[in-house]
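# Residue-level structure breakdown
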Amino acid sequence: MTTATVELRHYGHDDLPEIRQTLLDVHADAYADDMTEFDERFPWFVDHWGGNPGFACVVGYEDGEPVGFAYGAPAAPGREWWREHLTEPPADDSTFSVSELMVRPRWRKTGTAERLHVALVENRPEALAVLLVDPDHPKVQSLYETWEYRKIGNRQPFPDSPNFAVMLRYLR
């Protein structure tokens, strides 16, 4: 399999009922060997993010089989994950929050994650993209750094969540 055989499809807020189970199935496969209690709340996160009118999602398919996805939504002004870490906000502080990027094990290390990410953020009108990375996955953080993100701090959004690395990237 190659990343070139993966077809990317774009979805929005109104499409959530159509793709919700696909997102849950990919998540279950991606975390099959490493599911934590926090990860088990993923359906709530899908509904939370998908409930945002600006929700955007890209799902990759190979021969009709979902292989991964990336999704997020515009950040609420004043509540951007980067705000507590920068002393001076950027001149244009419009932000897209990348909430999830997940690839099923069989398609990892094929370039699929980068294609999903690029497809999600490449035409965004926001000036910035922000995401959170689990510190237990330093290789993932290093990968995001190759995509022009930089770590600016840490954030623990829930008492039972990891103390995530906050990573910021300029989109334009």
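See the structure printed just above.
Residues numbered from 1 in each chain as written. Predicted model: local features only at pLDDT ≥ 70, side-chain atom pairs only at ≥ 80, totals over all residues. Heavy atoms only, no water.

## What about the overall build of the protein?
Assigned secondary structure in the protein consists of four helices and seven strands. Each helix and strand of the protein, ordered N terminal to C terminal, gives the series β-α-α-β-β-β-α-β-α-β-β. Relative to a compact globule of 172 residues, whose C-alpha radius of gyration would be 16 Å, the protein shows 15 Å and is just as compact. Each principal axis of the C-alpha atoms in the protein carries an extent, and together these give about 45 × 35 × 30 Å. Taken across its 172 residues, the protein has 47% of its residues classed as buried. Accessible area for the protein stands at about 9,100 Å²; split by element, carbon and sulfur atoms hold 49% of it. Across the protein, the centroid of the 17 positively charged side chains sits 3 Å from that of the 29 negatively charged ones. (Helix = DSSP H or I, 4+ residues; strand = E, 2+ residues; numbered from the N terminus. Rg over C-alpha atoms; globule rule 2.2 N^0.38 Å. Buried < 20%, exposed > 50% of the residue type's maximum accessible area, 1.4 Å probe, protein only. Areas by Shrake-Rupley, 256 points an atom, 1.4 Å probe, with all protein chains shown as cover. Lys, Arg positive; Asp, Glu negative; His and termini not counted. Charge placed at Lys NZ, Arg CZ, Asp CG, Glu CD.)

## Brief notes about the side chain of serine 97
If you trace the backbone, serine 97 turns up in strand E4 (residues 95-103). For serine 97, a relative accessible area of 4% corresponds to the buried category. Contacts of serine 97, omitting those with residues within four sequence positions, involve Trp49, Tyr71, Gly72, Ala73, Ala75, Trp81 and Val130. (Contact = heavy atoms within 4.5 Å.)

## Thoughts on the pairing of E4
Burial runs high along E4: nine of the nine residues are buried. Where strand E3 (residues 65-74) and E4 come together, seven bridges link them in antiparallel fashion. Within E4, the position partnered with alanine 70 by the bridge is leucine 101. One ladder, built from four bridges, connects E4 with strand E5 (residues 128-133); its direction is parallel. Paired with valine 98 across the two strands is leucine 131, which belongs to E5. Handedness of the crossover joining E4 and E5 through helix H3 (residues 112-121) is recorded here as right-handed. (Pairing = 2+ DSSP bridges. Right-handed = clockwise from strand over helix to strand, strands pointing away.)

## Describing the pattern of salt bridges
Evaluated as defined, the whole model comprises 10 salt bridges. Taking the shortest distance from any N to any O, the salt bridge between aspartate 93 and arginine 83 comes out at 2.8 Å. Here arginine 83 lies in the loop between E3 and E4 and aspartate 93 lies in the loop between E3 and E4, a separation of 10 residues in the sequence. Taking the relative accessible area as the measure of exposure, arginine 83 reaches 26% and is therefore partly exposed. Connected through shared salt-bridge partners, Asp29, Glu65 and Arg104 make up one network. (Salt bridge = Lys/Arg side-chain N within 4 Å of Asp/Glu carboxyl O.)

## Points about the packing of helix H1 (residues 16-30) against helix H2 (residues 42-50)
Interhelical geometry of H1 versus H2 gives an angle of 145° and a closest axis separation of 10 Å. When you trace H1 past H2, the crossing you get is right-handed. Contact residues: H1 offers Leu16, Arg20, Leu23, Leu24 and His27, while H2 offers Phe42, Pro43, Val46, Asp47 and Gly50. Looking at the contact of H1 with H2 residue by residue, the classes come out as six nonpolar, two polar and two charged. (Axes fitted to C-alpha atoms, helices over the stretch in contact; angles between N-to-C directions. Left-handed = near helix turned anticlockwise from the far one by under 90°. Nonpolar A, V, L, I, M, F, W, Y, C, P; charged D, E, K, R; others polar.)

## Describing the sheet that holds E4
What links the strands of a sheet is backbone hydrogen bonding, and the strands pair in either a parallel or an antiparallel sense. On the basis of which strands lie adjacent, the open sheet formed by seven strands has the order E1-E2-E3-E4-E5-E7-E6 and mixed pairing. On the outer flanks of this sheet lie strand E1 (7-12) and strand E6 (150-155), each paired with one strand and no other. For this sheet, the mean inter-axis angle between neighbouring strands, taken without regard to orientation, is 25°.

## Side note on the environment of glutamate 88
Positionally, glutamate 88 belongs in the loop between E3 and E4. Under the relative-accessibility criterion, glutamate 88 is labelled exposed at 63%. The spacing of glutamate 88 and glutamate 114 is 26 residues in sequence and 30 Å in space, taken between C-alpha atoms.

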